[in-house]
Amino acid sequence: MQLFLINIFFQAYKNWLRMNDVQDETAMPGLEHLSHDQLFFLNFAQVWCGTTRPEALRSKLKTAVHAPGKYRVIGTLSNSQEFSKAYKCPLGSKMNPAKKCTIW
């Protein structure tokens, strides 16, 4: 489900750029080395960022219906073609496997 949503959100972002004729990507101070596409995916990852004590993680793994945030990010973004393109991940690497799970 997250892969489906991240693809839709990314396409909406790209459509907004086109519809608003955004040509020049003004860099954010301190983040000049990242493109806007890279910042889009970084923001997604930061939503799931956090630390959990080992005891709490074990408890969550037994009771929660969703995977821990780290694995939700890795699973979603490693299957996103747009992410691999934005970060220039080599084909066959952890974040750009040759065989991806696709929704559509």
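About the cut-offs
- Residues numbered from 1 in each chain as written.
- Predicted model: local features only at pLDDT ≥ 70, side-chain atom pairs only at ≥ 80, totals over all residues.
- Heavy atoms only, no water.
- Helix = DSSP H or I, 4+ residues; strand = E, 2+ residues; numbered from the N terminus.
- Polar contact = N/O pair within 3.5 Å; in protein donor to acceptor, adjacent residues only side chain to side chain.
- Contact = heavy atoms within 4.5 Å.
- Salt bridge = Lys/Arg side-chain N within 4 Å of Asp/Glu carboxyl O.
- Buried < 20%, exposed > 50% of the residue type's maximum accessible area, 1.4 Å probe, protein only.
- Core = buried A, V, L, I, M, F, W, Y, C linked by side-chain atoms within 4.5 Å.
- Axes fitted to C-alpha atoms, helices over the stretch in contact; angles between N-to-C directions.
- Parallel < 35°, antiparallel > 145°, perpendicular 65-115°, else oblique.
- Left-handed = near helix turned anticlockwise from the far one by under 90°.
- Nonpolar A, V, L, I, M, F, W, Y, C, P; charged D, E, K, R; others polar.

*Asks:* Run through the side chain of Ser80, naming residues and quoting values.
*Replies:* On the secondary structure map, Ser80 appears in the loop between helix H4 (69-78) and helix H5 (81-87). For Ser80, the side chain forms a polar contact with the main-chain nitrogen of Phe83, separated by 3.1 Å. Excluding its chain neighbours within four sequence positions, the residues that come into contact with Ser80 are Leu3, Asn7, Phe41 and Lys100.

*Asks:* Can you explain the side chain of Asn79? Please cite residues and give values.
*Replies:* Relative to the helices and strands, Asn79 resides in the loop between H4 and H5. Among the polar contacts listed, one links the side chain of Asn79 to the backbone nitrogen of Cys101, at a separation of 2.7 Å. Those residues in contact with Asn79, other than ones at most four positions away along the chain, are Leu3, Lys100 and Cys101.

*Asks:* Please set out the pattern of salt bridges residue by residue, giving values where relevant.
*Replies:* Counted by the stated rule, this structure contains two salt bridges. For Lys14, the salt bridge is made with Asp37, and the minimal N-O distance between the two is 3.1 Å. Separated by 23 residues along the polypeptide, Lys14 in helix H1 (residues 2-19) and Asp37 in helix H2 (residues 36-47) bring together distant segments of the chain. Of the residues examined, Lys14 reaches a relative accessible area of 23% and is grouped as partly exposed.

*Asks:* I'd like to hear about the nonpolar core, residue by residue, with values.
*Replies:* Core analysis: the biggest nonpolar cluster contains 13 residues, and Ile6, Phe40, Phe41 and Leu77 have the highest contact counts within it. For this core, the secondary-structure elements that each account for two or more residues are H1, H2, H4 and H5. Tallying contributions element by element places H1 first for this core, with five residues. Each residue touching Ile6, except ones within four places of it in the same chain, is listed here: Phe40, Phe41, Phe44 and Thr76.

*Asks:* For the packing of H2 against H4, give the residues involved together with the corresponding values.
*Replies:* Direction vectors running N to C along H2 and H4 enclose 150°, while the axes themselves pass 9 Å from each other. Judged by the inter-axis angle, H2 sits roughly antiparallel to H4. When you trace H2 past H4, the crossing you get is right-handed. Facing H2, whose interface residues are Phe41, Phe44 and Ala45, H4 presents Val73, Thr76 and Leu77. Residue composition of the contact of H2 with H4, by class: five nonpolar, one polar and no charged.

*Asks:* Can you tell me about the environment of Lys88, naming the residues and giving the values?
*Replies:* Relative to the helices and strands, Lys88 is located in the segment after H5. What makes Lys88 exposed here is its relative accessible area of 70%. Taking C-alpha positions, Lys88 is 16 Å from Lys100, a pair spaced 12 residues apart along the chain.

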